[in-house]
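Letter by letter, the chains look like this.
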Amino acid sequence: MPHCTPEDLGLAALGEPLADDEAAHLADCAACRGEVARLRRVVDALAVPELAAPGPAVAPPPGLWAGIAAATGVAAAPRADVVAASAPAAGPVPDVVPEPLPAPLPAEPAGPMAPVVPLRSRRSRLLLAAAAALVAGLGIGAGAVALATRGDDGVPVAATVLDPLDGSDASGRAEVVERADGTRVLQVELSAGAPTEGYYEAWLLDESVSGLIPLGVVRAGTEEFELPAGLDLGEYPVVDVSVEPLDGDPAHSGVSVARGLLDA
Ligand SMILES: [Zn+2]
């Protein structure tokens, strides 16, 4: 099961239900749940009133159903008590009573069709879709995850748990995935507090911990690193996460916080 898409993460952050598969993945995946929690903070920061706790549905304006029924030939009509139950306790009904539609309309009616669902609900769904994309976009813009580029999930070829080292709080999981085009990426799911100074960096080491290949900066969450073509994972099977000081020295600091051996 691949990670949730940015849109699904956005929807989850907005409190929207996900499809069963996505919801099951989210329940199991610390990285995705962490991302939802982070996006949730973005949502809270935006404080868009429309995205706050869902309000009551608004009853469709009078005459709407007659127009729909005339256009579609549907004989049934919604029960009055259902319509009344969906109406807000107070407040005016939206002032958008459509003109009665001429009946019957051709199969492809010109112009906007009368909405079948209550206006508020339809508007909220559209807002949610836009907001989910916005939230996901903001999240990625903030530089947190590399989920956006995950169109091709590839085939896992090796994986390892990242165990904490020397009493650190960092842990996680790493997986090497081979794409359809033959490139390989290392996906690192890191759970760790922000380092007191410097930053985390991911490496591949040989088993004697004397040869190493720097992969790049890694933050808590999920990051992907494309592996150099031709790299022999049998030679560099150790995934290492270090804390690096901001000293301009590209060498490994010698301070590793989590490590695992790929089971290639
Ligand atoms: Zn996930």
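For the chain, an unreviewed UniProt entry supplies the name Anti-sigma-K factor rskA and the organism Geodermatophilus normandii.

> Residue-level account of the overall build of the chain, with values.
Summing up its helical and strand segments, the chain has 6 helices and 8 strands in all. Listing the helices and strands of the chain from first to last along the sequence gives α-α-α-α-α-α-β-β-β-β-β-β-β-β. Put simply, the chain has 264 residues, and 37% of those count as buried. Looking at the chain alone, contacts between residues at least 24 apart form 62% of all its contacts between residues at least 6 apart. Accessible surface, the chain: about 14,500 Å² in total, of which carbon and sulfur atoms supply 60%.

> Give me the pairing of strand E7 (residues 238-244): which residues, what numbers.
Where burial is concerned, most of E7 is hidden: 7 out of the 7 residues are buried. Residues Val238, Asp240, Ser242 and Glu244 of E7 are buried on one face, and the alternating residues Val239, Val241 and Val243, pointing to the opposite face, are buried as well. Where strand E4 (residues 199-205) lies against E7, 7 bridges are found, and the strand directions are antiparallel. Bridging from a neighbouring strand, Leu205 pairs with Val238 of E7. Strand direction decides the pairing type here: E7 and strand E8 (residues 256-261), joined by 5 bridges, are antiparallel. Within E8, the position partnered with Val241 by the bridge is Ala258.

> An account of the sheet that holds E8 is needed here, citing residue identities and associated values.
The 8 strands lie next to each other as E5-E4-E7-E8-E1-E2-E3-E6, forming an open sheet whose pairing is antiparallel. Of all the strands in the sheet, just strand E5 (212-218) and strand E6 (221-226) have a single pairing partner and so form its edges. Between one strand axis and the next, the sheet turns through 25° on average, direction left out of account. Across 7 bridges, strand E1 (residues 155-164) lies against strand E2 (residues 171-178) in antiparallel orientation.

> Tell me about the layout of surface pockets, and name the residues and values.
The volume enclosed by the largest pocket comes to roughly 320 Å³. Met1, Pro2, His3, Glu175 and Gln187 are, among the 17 residues lining the largest pocket, the residues nearest its centre. Residue assignment for the lining of the largest pocket shows that the elements contributing at least two residues are helix H2 (20-28), E2 and strand E3 (184-191). If one sorts the elements of the lining of the largest pocket by residue count, E2 sits on top with 4 residues.

> So what about the coordination of the zinc ion? Which residues, and what values?
For the zinc ion, the full set of protein donor atoms is His3 (ND1), His25 (NE2), Cys29 (SG) and Cys32 (SG), at a range of 1.9 to 2.4 Å. Considering all 4 donor atoms around the zinc ion, angles at the metal cover 101 to 118° and the coordination shape is tetrahedral. Here the donor residues for the zinc ion map to a single chain with the spacing H-x21-H-x3-C-x2-C. Here Cys32 lies in helix H3 (residues 30-46) and His3 lies in the segment before helix H1 (6-13), a separation of 29 residues in the sequence.

> Talk me through the pattern of salt bridges; I want residue IDs and the actual numbers.
One pass over the structure, following the stated rule, counts 5 salt bridges. Of the charged contacts in the structure, one is a salt bridge between Arg38 and Glu35, with a shortest N-O distance of 2.6 Å. Here Arg38 and its partner Glu35 are both found in helix H3, 3 residues apart, which amounts to about one turn of the helix. On the basis of relative accessible area, Glu35 is assigned to the buried category, the value being 5%. Between Glu175 and Arg173 there is a salt bridge, with its nearest N and O atoms 3.3 Å apart. Given the relative accessible area of 35%, Arg173 is considered partly exposed.

> Residue-level account of H1, with values.
Counting buried residues in H1 gives 7 out of 8 residues, a clear majority hidden from the surface. All buried positions along H1 are accounted for by Pro6, Asp8, Leu9, Gly10, Leu11, Ala12 and Ala13. Of the residues one or two after H1, Gly15 is the one with positive phi, at around 80°.

Calculation notes
Residues numbered from 1 in each chain as written. Predicted model: local features only at pLDDT ≥ 70, side-chain atom pairs only at ≥ 80, totals over all residues. Heavy atoms only, no water. Helix = DSSP H or I, 4+ residues; strand = E, 2+ residues; numbered from the N terminus. Buried < 20%, exposed > 50% of the residue type's maximum accessible area, 1.4 Å probe, protein only. Contact = heavy atoms within 4.5 Å. Areas by Shrake-Rupley, 256 points an atom, 1.4 Å probe, with all protein chains shown as cover. Pairing = 2+ DSSP bridges. Axes fitted to C-alpha atoms, helices over the stretch in contact; angles between N-to-C directions. 1 Å grid on protein atoms, 1.4 Å probe; cavity = no way out; pocket = protein on both sides within 12 Å on 5 of 7 lines; lining within 4 Å. Points joined across faces, edges and corners; volume = space filled by probe spheres on them. Donors = N, O, S within 2.8 Å, 3.2 Å for Na, K, Ca; no water. Tetrahedral: all angles 85-135°; square planar, octahedral: opposite > 155°, others 65-115°. Salt bridge = Lys/Arg side-chain N within 4 Å of Asp/Glu carboxyl O.

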